[in-house]
Amino acid sequence: MHMPGRHFLQIPGPTNVPDRVLRAMDMPTIDHRGPAFAEMSRKALDGIKTIFKTKNPVVIFPASGTGAWEAALVNTLSPGDRVLMFETGHFSTLWKGLAERLGLQPEFIQGDWRSGADPQKIEERLRADTAKDIKAVCVVHNETSTGCATRIEDVRKAMDATGHPALLMVDTISSLGSIDYRHDEWGVDVTVGGSQKGLLLPPGLSFNAVSDKALEATKSAKLPRSYWAWGEMISANEKAIFPYTPATNLLYGLVEAIAMLHEEGLDNVFKRHANHGAATRAAVEAWGLEVLCQDPRHYSGSLTAVLMPEGHNADEFRKTVLENYNMSLGNGLAKLAGRVFRIGHLGDFNDLMLMGTLSGVEMGLRKAGVPHRAGGAQAAIDVLTGNGSGTAVAAE
Ligand SMILES: *Cc1c(COP(=O)(O)O)cnc(C)c1O
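Another point: the site of the ligand. In the region of the ligand, 13 residues are neighbours, and S64, T66, T144, D171 and K197 sit closest. T144 is positioned with one of its side-chain polar atoms (N or O) 2.4 Å from an oxygen atom of the ligand. Between an oxygen atom of the ligand and a side-chain N or O atom of Q196, the distance comes to 2.7 Å. Among the elements that make up the shell around the ligand, the one with the highest residue count is helix 3 (residues 65-74) (three residues). Looking at the shell around the ligand, its residues break down into four nonpolar, seven polar and two charged.

Looking now at the packing of aromatic side chains. The geometry of an aromatic ring pair is captured by two quantities: the separation of the ring centres and the angle between the planes. Using the criterion set out here, one finds eight aromatic pairs in the structure. Ring centres of Y227 and Y244 lie 4.5 Å apart, and the angle between their planes is 10 degrees; on these two criteria the pair is classed as stacked. Of the two residues, Y227 is situated in the loop between helix 7 (212-218) and helix 8 (230-238) and Y244 in the loop between helix 8 and helix 9 (248-264); the sequence distance between them amounts to 17 residues. Summarising the aromatic geometry, the rings of F317 and F341 are spaced 4.7 Å apart at their centres and angled 50 degrees between planes, so their arrangement reads as tilted. With F317 in helix 11 (residues 314-325) and F341 in strand 14 (residues 340-344), this pair connects stretches of sequence that are 24 residues apart. Accessibility assignment for this pair places F317 and F341 in one class, buried. Grouped by ring-pair contacts, the aromatic residues F61, Y227, W228 and Y244 constitute a single cluster. Stacked on the ring of F91, the Lys or Arg K197 has its end atom at 5.3 Å from the ring centre.

Sheets are built from strands that pair by backbone hydrogen bonding, the pairs being arranged parallel or antiparallel. An order of 11-12-14 is seen for the three strands of this open sheet, with the pairing classed as antiparallel. The sheet is open, and its two borders are formed by strand 11 (290-291) and strand 14, each paired with just one other strand. Note that strand 12 (residues 303-307) and strand 14 share five bridges and pair antiparallel. Bridge pairing in strand 14 places V306 opposite F341. Strands in contact with helix 10 (residues 266-287) are strand 11, strand 12 and strand 14; relative to strand 12, the strand with the most contacts, it is inclined by about 15 degrees.

The next thing to look at is the confidence of the model for the protein. Per-chain confidence: the protein averages 97 in pLDDT, with 98% of residues scoring 70 or above. Element-level pLDDT for the protein is lowest in helix 8, with a mean of 97, against a maximum mean of 99 in strand 8 (residues 167-171).

A word on unusual backbone geometry. Geometrically, the link from G13 to P14 is a cis peptide bond, its omega value of -5 degrees lying close to zero. Topologically, P14 is positioned in the loop between strand 1 (8-10) and helix 1 (19-25). Non-glycine residue W113 carries a positive phi angle of around 65 degrees. Mapping W113 onto the fold places it in the loop between strand 4 (105-109) and helix 5 (119-128). A residue is classified by how much of its surface remains accessible, and W113, at 5% relative accessible area, is buried.

A few words on the sheet that holds strand 3 (residues 82-86). Reading across from one edge, 2-10-9-8-5-3-4 is the order of the seven strands in this open sheet, with mixed pairing throughout. Sheet topology places strand 2 (58-61) and strand 4 at the edges, where each strand pairs with a single neighbour. Taken over all neighbouring pairs, the strand axes of this sheet differ in orientation by 20 degrees on average, direction set aside. In this fold helix 2 (residues 35-52) packs onto strand 2, strand 9 (190-194) and strand 10 (206-210), with an angle of close to 110 degrees to the strand it touches most, strand 2. The sheet strands contacting helix 8 are strand 2, strand 9 and strand 10, and the helix crosses strand 2 at an angle near 105 degrees.

So, on to the pattern of salt bridges. Pairing between side chains of opposite charge can happen when the charged atoms of each approach one another. The tally for this structure, following the rule as stated, stands at 18 salt bridges. Taking the shortest distance from any N to any O, the salt bridge between K219 and E216 comes out at 3.0 Å. When its relative accessible area of 64% is taken as the criterion, K219 is described as exposed. A salt bridge links E264 to R272, with the shortest nitrogen-to-oxygen separation between them at 2.7 Å.

Moving on: the packing of helix 5 against helix 6 (residues 152-162). Contact pair helix 5 / helix 6: the axes reach a minimum separation of 9 Å and the direction vectors enclose 25 degrees. Between helix 5 and helix 6, the interaxial angle falls into the category roughly parallel. Between helix 5 and helix 6 lies a crossing of right-handed hand. Counting all contacts with helix 5, which are made through P119, I122, E123, L126 and R127, the residues of helix 6 involved are D154, V155, A158, M159, A161 and T162.

Here N75 shows up in the loop between helix 3 and strand 3. In this structure N75 comes out as buried when scored by relative accessible area, which is 1%. Side-chain polar atoms of N75 contact the backbone oxygen of A71, separated by 2.8 Å.

Procedures and definitions
Residues numbered from 1 in each chain as written. Predicted model: local features only at pLDDT ≥ 70, side-chain atom pairs only at ≥ 80, totals over all residues. Heavy atoms only, no water. Near = heavy atom within 4 Å. Polar contact = N/O pair within 3.5 Å; in protein donor to acceptor, adjacent residues only side chain to side chain. Helix = DSSP H or I, 4+ residues; strand = E, 2+ residues; numbered from the N terminus. Nonpolar A, V, L, I, M, F, W, Y, C, P; charged D, E, K, R; others polar. Phe/Tyr/Trp six-rings, centres within 6.5 Å; stacked < 30°, edge-to-face > 60°. Buried < 20%, exposed > 50% of the residue type's maximum accessible area, 1.4 Å probe, protein only. Lys NZ or Arg CZ within 6 Å of the ring centre and 35° of its normal. Pairing = 2+ DSSP bridges. Contact = heavy atoms within 4.5 Å. Axes fitted to C-alpha atoms, helices over the stretch in contact; angles between N-to-C directions. pLDDT = per-residue confidence, 0-100. Salt bridge = Lys/Arg side-chain N within 4 Å of Asp/Glu carboxyl O. Parallel < 35°, antiparallel > 145°, perpendicular 65-115°, else oblique. Left-handed = near helix turned anticlockwise from the far one by under 90°.

Here it is in structure tokens:
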């Protein structure tokens, strides 16, 4: 059935693709070994480095983010290697499952799904590993199932304090282009990214930013790899080509998306996201509902997960919102199913879109008979116009 007006896609990814990116991709398929392609792919390969903030190569796969998770591990590790992972939520759990299936031995530091990774616990575990059996530490920067962002800089400092040689791998699939991130400065060895969240693109591209240390690790890494192998990719990329057919039209979109992020200025992009997070939390508080993330230092600028009051199902509420107001909200994942809904406020998004989103949530709460106080949208307006008490804490 036709629903008039624009659909509000407020899940925390895939996100709304700006018209400029859609137009940029509306191109004929070209010869991916010809000169026109090389010119465009050079821009994509150089440009993406500025988003990860690295001078090293960034490998671009025609794959969803999950592929880049796998690539990060198979290029650097060997069967039976121990990896230290932190249970921040559903996505860290998926990455750990993937590591197990690859024949690695992940050790999972338990978390409560209400905060980011705790650098202290990582430090303690590394100090205890006197034999240096742990080959990598893997953390999710922005845990999309909970709306908690880990402070990667602090994880790096904690690792440095131990002098432990483990590689640091970070999943930035829902933070890249939304929350400040610095691959080189923070000494990350492999950063995993995806196209469809903060990067303004449809699903279909994923990334590995790599450090010199990670490139060195590939030389002795024994996990089988072929499609995901960095080596061939990086040497082909030096000539602006790819070892297999790249996602040509998505690369056109990537070049445009990178240009848009720089036109706005990355720092402004991060500030905008942090502000929208603050305004959203002010709304949640005014409704008398609870934000899932309990640590203000870990509040996410990309999304906010909201706990439903006891006895009310989040999926029923989301259905009411979709059917009445044509807006998709994110569902609760795994153990949070039915208990939380997630408001995505990342990507190509502005104050009025946020107000439409929060008004839709407030209308939905009323329509679905979920107990709450009115005034959440107003509280968000107060923050957005500088009259509110909300603080824009952006986790780094
Ligand atoms: C979306 C997401 C993934 C999974 O990416 P896919 O593109 O669905 O494979 C992994 N990690 C995080 C943090 C995500 O947000």
